Structures are given as structure tokens and as C-alpha cells.
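What follows is the residue order along each chain.
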Protein chains: 2
Amino acid sequence: MLTRIDHIGIACRDLEATVDFYSRAYGFEVFHTEVNQEQGVREAMLRINGTDDGGSSYLQLLEPIQEDSAVAKWLAKNGEGVHHIAFGTADVDGDSEAIRDKGVRVLYDEPRRGSMDSRITFLHPKDCHGVLTELVTSATPGDQER
Amino acid sequence: MLTRIDHIGIACRDLEATVDFYSRAYGFEVFHTEVNQEQGVREAMLRINGTDDGGSSYLQLLEPIQEDSAVAKWLAKNGEGVHHIAFGTADVDGDSEAIRDKGVRVLYDEPRRGSMDSRITFLHPKDCHGVLTELVTSATPGDQER
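Residues numbered from 1 in each chain as written. Chains lettered and ligands numbered in written order. Predicted model: local features only at pLDDT ≥ 70, side-chain atom pairs only at ≥ 80, totals over all residues. Heavy atoms only, no water.

As recorded by an unreviewed UniProt entry, chain A carries the name Methylmalonyl-CoA epimerase and is attributed to Streptomyces tubbatahanensis. Reading the Sequence similarities (unreviewed entry) entry of the UniProt record for chain A gives the comment "Belongs to the methylmalonyl-CoA epimerase family." (UniProt positions renumbered as here; feature names shortened; annotations may be inferred.)

Here it is as C-alpha cells:
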């Protein structure tokens, strides 16, 4: 069961400049940074609010570090902007299977590692009315209580 | 102070088909529907979760009802997908003024009416690293306690 908007993934060309914009304009602070070699990005998570399933909602700012990464290709085509949205669930395995059974293409055979040791998968945007959609189960126990 | 992700605005060509997708694939339910003549759209709000500022996070599905509306033009250029993101605040007037003072273009001189009698304004996407960004103060008192 998808119980929250976990994050909005935003592709940018310069992570520091984009973090600086969100800090300066809105006062948002960096909660976590990491490099995800598998996804070919470095990223900053800005925590915006807590959610009533015990989780949080974040902005995820993504800068490609490899020219052949999916985010780099997306940026070259679209420019900076919203790259994907992510729903939080306590059971990314079960939910992705159930969604696949409804005819939506799930991009990974098995969930992979996402931000902050979460487990994630993606749904094909053409099956989701144009929206690249991620499902995420947080590594934080408090995010999985429901 | 921006205290939550209030909603993600998603442009679609067929509101009923898109509502049906979100219901069928994820179990999300329609919380509210309305026509906003000023914005030239009809819309469905799907409530996803509550937030720790006393508000909620929604998906806002938008179908243009006028060919010259901003959403219709956006759809013609981009196809279906994420149109904007919105942050909730108890004080859209004060926050939009403070953000304008930081050099970000605010698209309305005064906030206008948004979904569910909220008061909204938009920030220019070119000043926000490509993201059309809305600020919203809910009409529901519980959303304004912080």
C-alpha cells in the first residue's frame, strides 16, 4: 500500500547551485547527501515535512555524474526540472508485484538500492500517463509501520 | 514558511482515464473535484497522506478545458506529465513577498483562488531551476496552524 509522497526527484546540472537556491529562496536544509554509482548520480535530500505513516517527504536533487546515465540523458532532452515522483510503501516488493499484475511495466526485476539505503523500483512513464514513478521502502523502521 | 509538499500537479488529457489509472494501479481515491475557470482546467485532488504541519499532500490531476489555457499549451508542448509542484504555507502573501525580494519572479501580483478555496501563487520556473513552483495557503484552518 502506497502511504505517502516520499519525494519529488528533480534533475539539475549543478547540485551545489540548486541546493543553494532551495536554501536561499525557501530555507530548506540538506538532510542527506550521497553518490549513487549504480544510478550515475550524486544527490541531496532536502526534508520538507513528516508524514502520517511515520515517514517523511523530501525533495531529491539529482546531478548526473556519468554522461550515459538515465538522468544525464533526460537532462539533455528536457533541461532541468521534475524528473520523477516517488510514493512510499512498507512493501516495495509486494506493491511492485501487484502493480505489475495490473499491466504496468516495472523497470527492475528486483528492487535496487535507493537513497539512504532504501529499496526502490520504477514504473514505466508510458504506463503512468507520462509520469516516471518510483516506489520506495525506507530503511528507517519508523517509515514502515503501516 | 513553507512547511509541506502540498501537492504535485499532473497535466493529463483525459481526467476520468487518469483518475481511473491512479485508482486501479495504486488504490488512490478522489478527495475533491472542481472546475477552475480562471485557470482553464478541471481537476481531481487525490489525497495521499497527512503532513506534520496539520495539512495534507495530494496529487492534483489537471485537464485543460480551454485551448488557450496555460495547461493546454504546456500539454501540447510536453505531453502528459508533472506540470508543477506546490509547497504549503500558512502565509502565502508573506512568503511570496519574501521570495520576490530574493529575486525570484512571482507570477501574480496578488494570490488567486486555487483548489478547495485555497490561495495560491506561482514562481517562474526559469528562476527555480526549471520547476514551475506553486505556493498555497489552504482554506482549512488545520492547515495553517504552523
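## Remarks on the interface of chain A and chain B
With 38 residues of chain A at the interface, the matching set in chain B holds 38 residues. On the chain A side of the contact with chain B, Ile5, Tyr26 and His129 of chain A bury the most area, a combined 21% of that side's loss. Linking chain A with chain B are zero salt bridges. The interface formed by chain A and chain B contains ten residue pairs in polar contact (both at pLDDT 80 or more). Of all the secondary-structure elements, those providing two or more residues to the side of chain A that touches chain B are strand S1 (2-11), helix H1 (15-26), strand S3 (41-50), strand S4 (56-64) and strand S5 (81-89) of chain A. Among the elements that take part in the side of chain A that touches chain B, H1 of chain A stands out by supplying seven residues, more than any other. Among the residues making up the side of chain A that touches chain B, the classes are represented as 21 nonpolar, ten polar and seven charged. (Contact = heavy atoms within 4.5 Å. Buried area = accessible area lost by both parts, 1.4 Å probe. Salt bridge = Lys/Arg side-chain N within 4 Å of Asp/Glu carboxyl O. Polar contact = N/O pair within 3.5 Å; in protein donor to acceptor, adjacent residues only side chain to side chain. Helix = DSSP H or I, 4+ residues; strand = E, 2+ residues; numbered from the N terminus. Nonpolar A, V, L, I, M, F, W, Y, C, P; charged D, E, K, R; others polar.)

## What to know about the relation of the copies chain A and chain B
When chain A is fitted to chain B, the residual RMSD is 0.0 Å, and the transformation amounts to a turn of 180° plus an axial shift of 0.0 Å. Viewed as a symmetry operation, the transformation between the two copies matches a two-fold axis. Nearest to the rotation axis, the C-alpha of Thr51 of chain A is located 2.3 Å from it, this being the minimum over chain A. Here 100% of the contact residues of chain A are again contact residues in chain B; the copies associate through an equivalent surface. (Least-squares fit on C-alpha atoms with pLDDT ≥ 70 in both.)

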